[in-house]
Amino acid sequence: AKSEGSNFPLVTVGGATYRMLKTPAGLQQGLLGDSLGQVTEYTLEPALSTGGVVSNVVSQGETVYAVKGMKGAMAAALVEGTLRAFQRVSFAGTAIVGNEGLADTLCSASDVVSMELSDVGVIDDAQAARELMRILLDNASYQSASISSGGSQSLLIELNNGLYLQLMVGDDTVSACGTWSCPEFFEEFIIAME
C-alpha cells in the first residue's frame, strides 16, 4: 500500500515491522494464525514509538495476528473493519531482529507456487519455482537494513495460500526486510526461463 504522509501503512510487533499490502483488499478469516498482541499505540510517527505493538493504520486495541504457515513473514489485522495482510519489511533502520535469516522474513520454499521477475518472465511451474526459492533462501547474504535503490524491477512470489509477496530487485539483490545479495538466484532464474 502507498505511503500516507511520511510513512506507509504499517504495524510493528516485537521489533518486526509489517507493511500493509494493497492486494488482497480483504484477507480470508481462515488464514489467521495466533494472536501477536493488541495495538498498544496508534501514532502517525511510528519510528518515534517506544515499543509494544504500534501502528499508524490499525486502531489502538485491535488484535494483530500471524498469518497461518507464514512464520514471521506476514501479519494480519483489521483496518477500518476489513481484515488486511501485512508483509515483513525494513523500517526505521531495523530489518532482521536477532539472529534471523532471510527465511524468517519470507516463506518456506514449499509454499511457493510461482515467481515473476519483472522484465524477465514468469516461472509458473511450481517445482521450478520452489527450487528457485530454495536457492534464494540457501545462498542469500544479508547486506544491510536499507532497501536497495538499484532499479525498477520486482520479484513477485505467489504462495499456495493465495497470497503474494513482493520484493524489490537491484543488482543481484532482493529487498523487502533489508537487502540480500544472491547472484546465484538470478543466474538460475534466467536458466529456468529457457
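Residues numbered from 1 in each chain as written. Predicted model: local features only at pLDDT ≥ 70, side-chain atom pairs only at ≥ 80, totals over all residues. Heavy atoms only, no water.

Caption draft 1: Up close: the sheet that holds strand β5 (residues 54-55). On the basis of which strands lie adjacent, the open sheet formed by eight strands has the order β3-β6-β7-β8-β2-β1-β5-β4 and mixed pairing. Lying at the two open borders of the sheet, with one neighbouring strand each, are β3 (32-38) and β4 (41-42). Pairing geometry for β4 and β5, over two bridges, is parallel. Pairing of Y42 across the sheet is with S55, part of β5. (Pairing = 2+ DSSP bridges. Helix = DSSP H or I, 4+ residues; strand = E, 2+ residues; numbered from the N terminus.)

Caption draft 2: Broad picture of the pairing of strand β1 (residues 10-13). Alternating positions in β1 separate into two faces, L10 and T12 on one and V11 and V13 on the other, with burial throughout. Between the antiparallel neighbours β1 and strand β2 (residues 16-20) lie two residues, among them G14 with a positive phi of about 60°. Pairing geometry for β1 and β5, over two bridges, is antiparallel. Along β5, the bridge assignment pairs V11 with S55. (Buried < 20%, exposed > 50% of the residue type's maximum accessible area, 1.4 Å probe, protein only.)

Caption draft 3: Layout of empty space enclosed by the protein. Taken as a whole, this structure holds one cavity of 30 Å³ or more when the rule is applied. If you add up the space inside the largest cavity, you get close to 30 Å³. Along the walls of the largest cavity sit Q87, R88, L102, T105, L106, L167, A176 and C177, which together make up its complete lining. Among the secondary structure elements, those contributing two or more residues to the lining of the largest cavity are β8 (82-89) and α1 (102-105). Residue composition of the lining of the largest cavity, by class: five nonpolar, two polar and one charged. (1 Å grid on protein atoms, 1.4 Å probe; cavity = no way out; pocket = protein on both sides within 12 Å on 5 of 7 lines; lining within 4 Å. Points joined across faces, edges and corners; volume = space filled by probe spheres on them. Nonpolar A, V, L, I, M, F, W, Y, C, P; charged D, E, K, R; others polar.)

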